[in-house]
Amino acid sequence: MVNEPIGSATNGEAVYLKDIWPTNEEIRTLIDAHVHSDMFRRRYADVYRGDDRWRKIDVTGGDTYSWPPLSTYIQNPPYFVGMSMEAAPLTDIDRARPLAVFGDSITTDHISPAGAIKPDSPAGRYLLEHGVSRGEFNSYGSRRGNHEVMMRGTFANIRIRNRMLDNVEGGFTRYAPTSETMPIYDAAMLYKQDGRPLVVIAGKEYGTGSSRDWAAKGTVLLGVRAVIAESFERIHRSNLVGMGVLPLQFVEGESAETLGLNGAEKYSIAGVAELKPRQDVEVKVTRDSGEEFSFTARCRIDTYNELEYFRAGGILHYVLRRLAS
């Protein structure tokens, strides 16, 4: 404070901040004497030219960014591949396989790629195949501009537990056609080759924690059409809708445990194109044993604005079409 001592002079008298603080007049005199428009012109007139090293970078011109095909840090994301001005009609979810069955409190840190990249992981194998040495792997965060790395790290947290497997910790699942245990990414790609849609089953508070965008982006890139959970964290639920993934919520008192869902099933959901916010949805289940039954879930597309995003294929598609039109 200006009226409190900040020290003492050699003669022992108290020194106050107001004694050394310059006056407005003194500040104005210094500015008028030394700060001029010419100074800014000299410094910033050629700011976009850069220095000699910047100007020596070999670049090609163009109206759009030229994505470097060999980069392992940044790649052209696939969200708009094949996109047209009209959204493709929504299709029903037919005999989808569970990619994972999770318990309660699966956080976005469990879902989203984070931390170091292990050499024997799908992301590590991708980097090795592209000539990146282990010492140059860096982290998932540094490579978040490359969807090939990030989708391989989705659901790959070493602490995540998939209840489809016994006593296995980490991002693994069971590939139903062969019953083989493999990384979640590898199984997702095999299902994609089979043309098989996927779902994720979860407990309470699915998607808690920070609103990490890759938790939803990685989910959709793996081929997941719907997430069925006992409850959702608000922002992650919204992010799933924004990426075109359908969030469904078990009715009160029901769960994967009460319904006996263990991942050895197929799930079908009809009427996806006619969904309304928060309506009840019939989920048909066919167990691998041949048993069939249904349960009711609540559609957690909560508003008509969200429904527009979902029908557009996601908020990115919705916004881009509006800008283009």
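Conventions and cut-offs
Throughout this description, residue numbers start from 1 for each chain and increase along the sequence as written. Predicted model: local features are reported for residues with pLDDT of at least 70 only, side-chain atom pairs are reported and counted for 80 or more only, and whole-chain, interface and lining totals are derived from all residues. Note: side-chain values were computed over all heavy atoms of the structure, leaving out hydrogens and water. Runs of H or I in DSSP of at least four residues are treated as helices and runs of E of at least two as strands, each being numbered from the N terminus. Criterion used throughout: strands pair if DSSP finds at least two bridges between them. Two rings belonging to Phe, Tyr or Trp (six-membered ring only in the last case) form a pair when the distance between their centres is within 6.5 Å. Interplanar angles under 30 degrees mark stacking, angles over 60 mark edge-to-face geometry, and anything in between is tilted. As a reminder, the over-ring test applies to NZ of lysine and CZ of arginine, requiring each to be within 6 Å of the ring centre and within 35 degrees of the ring normal. Note on terminology: a nonpolar core comprises buried Ala, Val, Leu, Ile, Met, Phe, Trp, Tyr and Cys residues joined through side-chain atoms within 4.5 Å. Accessible area is worked out with a 1.4 Å probe on protein chains only. A residue is then buried under 20% of its type maximum, exposed over 50%, and partly exposed in between. Whether two residues are in contact is decided by their heavy atoms, any of which lying within 4.5 Å being enough. Each patch is built from residues that are more than 30% exposed by relative accessible area and take part in no salt bridge. Like charges join if they lie within 9 Å; nonpolar side chains (Val, Leu, Ile, Met, Phe, Trp, Tyr) join within 5 Å. All accessible areas in this document rest on Shrake-Rupley with a 1.4 Å probe, and a residue is counted as covered only by the protein chains that are shown. A pairing counts as a salt bridge when a side-chain nitrogen of Lys or Arg comes within 4 Å of a carboxyl oxygen of Asp or Glu. Polar contact is the term for a pair of N or O atoms within 3.5 Å; when the atoms are in protein, one must be able to donate a hydrogen and the other to accept it, and sequence-neighboring residues count only if both atoms are side-chain atoms.

### Side note on the environment of T60
Logical step 1: Take T60: it is sitting in the loop between α4 (52-55) and β3 (93-101).
Logical step 2: Along the primary structure T60 and V101 are separated by 41 residues, whereas in three dimensions their C-alpha atoms are 48 Å apart.

### With respect to the pairing of strand β5 (residues 180-183)
Logical step 1: As paired elements, strand β4 (residues 172-175) and β5 share four bridges and run antiparallel to each other. When the sheet's bridge partners are listed, Y175 is paired in β5 with E180.

### A look at the packing of aromatic side chains
Logical step 1: Inspection of every chain in the model, using the stated rule, returns seven aromatic pairs.
Logical step 2: Over the ring of Y16 we find K18, and its NZ or CZ is 5.7 Å from the ring centre.
Logical step 3: A cation over an aromatic ring shows up here: R143 above the ring of Y73, its NZ or CZ 3.8 Å from the ring centre.

### Considering the nonpolar core
Logical step 1: Of all hydrophobic cores here, the largest spans 42 residues; its most connected members are L99, F102, F155, V200, Y206, L222 and V227.
Logical step 2: Listing elements by their share of this core, those giving two or more residues are β3, α6 (122-129), α7 (147-153), α8 (184-194), β6 (198-201), α9 (213-221) and β7 (224-229).
Logical step 3: Here this core takes six residues from α8, the largest share from any one element.
Logical step 4: Those residues in contact with F155 that lie beyond four places of it in its chain are F102, H110, I111, I160, G171, I184, V200, Y206, T219 and L222.
Logical step 5: Within the second largest apolar cluster, 29 residues are counted, among which are A226, I269, V281 and V283.

### Observations concerning unusual backbone geometry
Logical step 1: The phi dihedral of N138 is positive, around 65°, even though this residue is not glycine.
Logical step 2: Looking at where N138 falls in the secondary structure, it is placed in the loop between α6 and α7.

### Things to note about a nonpolar patch on the surface
Logical step 1: Among the surface-exposed residues, I27, I31, V35, F40, Y44, V47 and Y48 lie close enough to one another that they form a single nonpolar patch of about 730 Å² accessible area.
Logical step 2: Among the secondary structure elements, those contributing two or more residues to the nonpolar patch are α2 (24-34) and α3 (37-44).
Logical step 3: On the basis of relative accessible area, Y44 is assigned to the partly exposed category, the value being 48%.

### Describing helix α10 (residues 234-242)
Logical step 1: When we look at burial in α10, the residues that qualify are H236, R237, L240, V241 and G242.
Logical step 2: The elements touched by buried residues of α10 are α5 (108-111), α9, β7, β8 (246-250), α12 (304-311) and α13 (315-324).
Logical step 3: The N-capping residue of α10, defined by a side-chain oxygen 2.8 Å from the backbone nitrogen of I235, is E233.
Logical step 4: Immediately downstream of α10, the backbone of G244 shows phi near 85°, a positive value.

### What to know about the pattern of salt bridges
A side chain with one charge can pair with a side chain of the opposite charge if their charged atoms come near.
Logical step 1: Tallied over the entire structure, the rule returns 22 salt bridges.
Logical step 2: In this structure, the salt-bridge partner of R152 is E148, at a minimum N-O distance of 2.6 Å. Of this pair, R152 and E148 both sit in helix α7, separated by four residues, roughly a single helical turn.
Logical step 3: The exposure class of R152 is buried, given its relative accessible area of 14%.
Logical step 4: Judged by relative accessible area, which is 25%, E148 ranks as partly exposed.
Logical step 5: One salt bridge connects R161 with E169, and the closest N-O pair in it is separated by 3.6 Å.
Logical step 6: Judged by relative accessible area, which is 48%, R161 ranks as partly exposed.

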